[in-house]
Amino acid sequence: METSTSLRIAIQKNGRLTDKSIDLLENIGLRFDDYKNRLMVKCRNFDVELLLIRDDDIPEYVQDGVCDLGLVGANVTSEKVADVTVLKNLEYGYCRLSLAAPKNDGIKNPEDFEGKRIATSYPTLTQNYLQNNGITAKTVEISGAVEIAPTLDVADAICDLVSSGSTLRANGLSEIQPIFYSQTQLIKTNKVLSDEKEELISKFLIRIEGSQTAEKSRYIMMNSPKDSVDKITKIIPSLKSPTVLPLAENDLVAIHSVIPIKKFWSVMEQLKEAGATGIVILPIENMIL
Ligand code: PRT
Ligand code: ZN
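These lines cover the structure that appears in this document, whether it is placed above or below. (Residues numbered from 1 in each chain as written. Chains lettered and ligands numbered in written order. Predicted model: local features only at pLDDT ≥ 70, side-chain atom pairs only at ≥ 80, totals over all residues. Heavy atoms only, no water.)

1. Some remarks on the overall build of the protein chain
Part 1 of the reasoning: Looking only at helices and strands, the protein chain has eight helices and 15 strands in total.
Part 2 of the reasoning: Its C-alpha atoms give the protein chain a radius of gyration of 25 Å, clearly above 19 Å, the size a compact globule of 289 residues would have.
Part 3 of the reasoning: Principal-axis analysis of the C-alpha atoms gives the protein chain an extent of 80 × 55 × 35 Å.
Part 4 of the reasoning: Counting all 289 residues of the protein chain, 46% fall into the buried class.
Part 5 of the reasoning: Contacts in the protein chain between residues at least 24 apart in sequence constitute 68% of all its contacts with a sequence separation of at least 6.
Part 6 of the reasoning: With the model as given, the accessible surface of the protein chain reaches about 15300 Å², and the carbon-plus-sulfur share is 48%.
Part 7 of the reasoning: Of the side-chain charges in the protein chain, 33 are positive and 40 negative, and the distance between the mean point of each set is 3 Å. (Helix = DSSP H or I, 4+ residues; strand = E, 2+ residues; numbered from the N terminus. Rg over C-alpha atoms; globule rule 2.2 N^0.38 Å. Buried < 20%, exposed > 50% of the residue type's maximum accessible area, 1.4 Å probe, protein only. Contact = heavy atoms within 4.5 Å. Areas by Shrake-Rupley, 256 points an atom, 1.4 Å probe, with all protein chains shown as cover. Lys, Arg positive; Asp, Glu negative; His and termini not counted. Charge placed at Lys NZ, Arg CZ, Asp CG, Glu CD.)

2. Overview of the site of ligand 1
Part 1 of the reasoning: Close contacts around ligand 1 come from 22 residues, with Asp-56, Asn-75, Ser-164, Gly-165 and Thr-167 the closest.
Part 2 of the reasoning: Between ligand 1 and Asp-55, the relevant distance is 2.9 Å, taken from an oxygen atom to a side-chain nitrogen or oxygen of the residue.
Part 3 of the reasoning: Within the side chain of Thr-167, an N or O atom sits 2.5 Å from an oxygen atom of ligand 1.
Part 4 of the reasoning: In the complex, 78% of the free accessible area of ligand 1, which totals 840 Å², lies under the protein chains.
Part 5 of the reasoning: Secondary structure elements with two or more residues in the shell around ligand 1: helix 3 (74–80), strand 9 (157–162) and helix 5 (166–170).
Part 6 of the reasoning: Looking at which element gives the most residues to the shell around ligand 1, the answer is strand 9, with three residues.
Part 7 of the reasoning: For the shell around ligand 1, the domains that each give at least three residues are domain 1 (3–92 + 184–214) and domain 2 (95–182). (Near = heavy atom within 4 Å. Polar contact = N/O pair within 3.5 Å; in protein donor to acceptor, adjacent residues only side chain to side chain. Domains from an automatic or database assignment.)

Quick look at the structure:
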């Protein structure tokens, strides 16, 4: 049963995902008044409201239909074993859940965790990994500052989120085995929603896809001698056929196209060799294919 007529989206109130989640929603055209220190924020231009809560609560709120959508790390949704649908990977908040142990403690491989006490905020994911790999170990559930558990002798090792690895290093721990790779995801309730909400969700999904493609693409412009156009357009790894425009100078044309950013540097040299000059690269705000 629906609990709200507005589409309700849960995001993290105050943490690593908050600003990026708001950026993503603004990027797809939603406008909000100041969201800092608020629990609920109405969207100015759509029938949408944001619920700002702890990330740990998001999967359950979405599962129970209190919120229709949620933006939350896959690590949290999987740990809570929430009954929700993952609509999209959102490509931020990347991290991994890893088994780690104090350096020089003789723990070098996953098997070495046998019989150890492992401190973690992710007991379910940790036990799943251990059981799937035939390792028997005790998990000690800790809600924060897991990395100091071995120093305090609360545990022999840990299983915690890692991104750069500097927290592990600073605490004299070695990463032994990543057990779960995570990023922020858009999750949806499995409760039945109104047609209006479903339509709005489809619209937002298309916009998110557009914005993700735009982020990975660049608009490229260059000048080319007329007789090099064939060669140059073959080099451009374009999404569509490039646009070729006449220029005031008769023997030159302008070529415009959209290319994947990761291909840019590899084609740059080839374009220059083929005679392209004045190559300009511009970011793209959004793109609907
Ligand atoms: O208050 P609330 O419960 O909402 O927030 P929280 O403290 O539980 O979560 P928060 O804001 O720290 O993280 C939110 C989400 O960000 C996580 O659930 C992950 O999906 C994602 N994320 C991405 C991370 C990290 N990277 C990360 N590095 N979450 C936590 N960390 C911590 C990690 O626990 C460790 O303490 O950062 C430290 C390690 O970082 P490095 O860079 O030193 O390896
Ligand atoms: Zn949390």
